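# Notes for the structure review
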Amino acid sequence: MTSEPVITGAGPGARADRLLPDAIGVTQDAVIGMASSAPAATSGLTLAALAAATAYGAGATLVLTAIPILVIANAYRRLNQWNATCSASFEWVGRAINPYLGYMTGWLMLAYYLIGGVALMVPLGPSVLQAFGTSASSPWPDLAITSVVIVVMLVIAVAGIRPTARTQIGVAVVEYTILAGLAIAGLVFVAGHHPGTVHLSAAWLHPAGIGGRGSLAGGFLISAFVIAGWDGTMYVNEEVKRRRTNPGRAAMWAAGLLAVLYTLVQVGLQGVVSPERLQAHAASVLVYTTQAFAGPGWGKVMAAAIALSVIATTGVGIALTARIMFGMASWQALPAFLANVSRRFATPVAASVLTAVLLLGLFWVYILGTSLANAFADLLSVSGWLTIAFYILTALAMTVFYRRHIFASPRNILTIAVLPLASAAFLGWVLVRSFQLATSAQKWSMVAVIAAGVVLMLLARLAWRSPFFGVVRERDNPGRR
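In this text the structure is predicted, and so the values were computed from the model without any measurement.

### A word on the overall build of the protein
Scanning the protein for helices and strands turns up 17 helices and 0 strands. Expected size for 481 residues packed as a compact globule is a radius of gyration near 23 Å; at 22 Å, the protein falls within 12% of this value. Considered along the principal axes of its C-alpha atoms, the protein spans approximately 65 × 50 × 40 Å. Within the protein, the proportion of its 481 residues that are buried is 59%. Put simply, of all contacts in the protein between residues at least 6 apart along the chain, 82% involve residues at least 24 apart.

Written out as structure tokens, the structure is:
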């Protein structure tokens, strides 16, 4: 019989009373997790790349990737039952395995939300301009639009988790309706064997794609990046009703629904035009493919969906990153001022402002300092590696923490040991193989991210004297109830 997890006492980093408890429900939390992934924006950035990497076997690749992702989501669910803290894997890995490894896990999470956030903001300006039927030959309209959106979403994030959740619900209804509806229409168009389309075939059901030309590692890496973001449900867990159980349920729902939505969009739109035309219009692929079968009017509608997607993920990204910072700062693992919470709004205002400033600064450097194609390729690879790394560490933390339960039943052997370890091994293979195939610039980008984390960790240990590095390893005791 499966034992229920022991709920241990909160450490110095757990300050649930400082955030607003019982503020949102499981549905709102699931939408926050999905918004963190930015379905329309992410599909727009990766559809052509995923089709090329998998030789049109992207649907199969996404489905296969969803299996270990759901296993990892279940690991998050179980760890949240033990310790519902907004810093999530930072504490879970640190208290179950090793505090130094936990710190690096927290840093990887922060780096992912900042770097991935920049990558997802790229299509905002062009999408807004396309939605209004205009274009720009300079980056300044793009910078202006994105800057205004960051400031507005910062205000909403500071105002509280309830306004943030309400905003996400409203955006999600419109965005997902447009995205799913046009994807289904595109699939019907492809199935009609119209001239210039890539015909459906059995090869689409194989992860190696047409002629076996697909790259398994490349396809799985992009798929992992695509589906990522559902873990955002955990970083607002202290503000969710039934905070030990609902965030885990929301994570499972968000991961599953994202896998379905991304698979539908990829399969529905990747064959609308020829491979050459798909790659030639990779920067605006959703709008271009929609226009190809539905006309310019519906192309503008898709552009609006992408813009809404970026707006939503920007707001969620500020809120989630700020809470991770807050949780780490509560342990003095980051500067102490980031642990402050507004009494009026019950939000980590300083951490929210810092997140917005970092996103704004990185985006300006990104747009003005490098070419779009090369910069995005580096950001995409680094973001994929980051999320895979902290997913693996979280799965291992769950197995380590609940290790005394493993042989209590056949189900426990499967859910605590076999599936999480197999999922971690699979994602580890994707990480290593894709790193081997990466460019030098991408590899050095990852090295730089890790080096920055090590520097921060040394500051936390030696300068800020964080008590986190003195925590004793914990485990669930099957004899306690």
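Having seen it, we continue.
### Looking at the side chain of T263
Relative to the helices and strands, T263 is located in helix α10 (residues 246–269). Polar side-chain contacts of T263 include one of 2.7 Å to the backbone oxygen of A259. With near-sequence residues (within four places) excluded, T263 lies in contact with G59, L62 and V63.

### Digging into a nonpolar patch on the surface
Judged by side-chain polarity, F407, I413, L414, V418 and L419 come together as a nonpolar surface patch covering roughly 460 Å² of accessible area. You can see L414 is positioned in helix α16 (residues 410–437). What makes L414 partly exposed here is its relative accessible area of 41%.

### Comments concerning the pattern of salt bridges
A complete count under the given rule lists 3 salt bridges for this structure. Counted as one network, the salt bridges with shared partners bring together E91, R95 and E474.

### Observations regarding the packing of aromatic side chains
The final tally for this structure, using the stated rule, is 21 aromatic pairs. Ring plane angle 80° and centroid distance 5.7 Å describe the contact between Y76 and W92, whose orientation is recorded as edge-to-face. Linking Y76 in helix α3 (residues 58–82) with W92 in helix α4 (residues 89–96), this pair joins segments that are 16 residues apart in sequence. The buried category is assigned to W92, whose relative accessible area is 0%. Through successive ring pairs, a cluster of aromatic residues spans Y76, W92, Y112, Y113, W230, Y235, F390 and Y391. It is R78 that lies over the ring of Y402; its NZ or CZ is 4.6 Å from the centre. For the cation-ring pair, K443 lies above F435, with the distance from its terminal atom to the ring centre recorded as 5.7 Å.

About the criteria used
Residues numbered from 1 in each chain as written. Predicted model: local features only at pLDDT ≥ 70, side-chain atom pairs only at ≥ 80, totals over all residues. Heavy atoms only, no water. Helix = DSSP H or I, 4+ residues; strand = E, 2+ residues; numbered from the N terminus. Rg over C-alpha atoms; globule rule 2.2 N^0.38 Å. Buried < 20%, exposed > 50% of the residue type's maximum accessible area, 1.4 Å probe, protein only. Contact = heavy atoms within 4.5 Å. Polar contact = N/O pair within 3.5 Å; in protein donor to acceptor, adjacent residues only side chain to side chain. Patch = residues over 30% accessible without salt bridge, like charges linked within 9 Å, V, L, I, M, F, W, Y side chains within 5 Å. Areas by Shrake-Rupley, 256 points an atom, 1.4 Å probe, with all protein chains shown as cover. Salt bridge = Lys/Arg side-chain N within 4 Å of Asp/Glu carboxyl O. Phe/Tyr/Trp six-rings, centres within 6.5 Å; stacked < 30°, edge-to-face > 60°. Lys NZ or Arg CZ within 6 Å of the ring centre and 35° of its normal.

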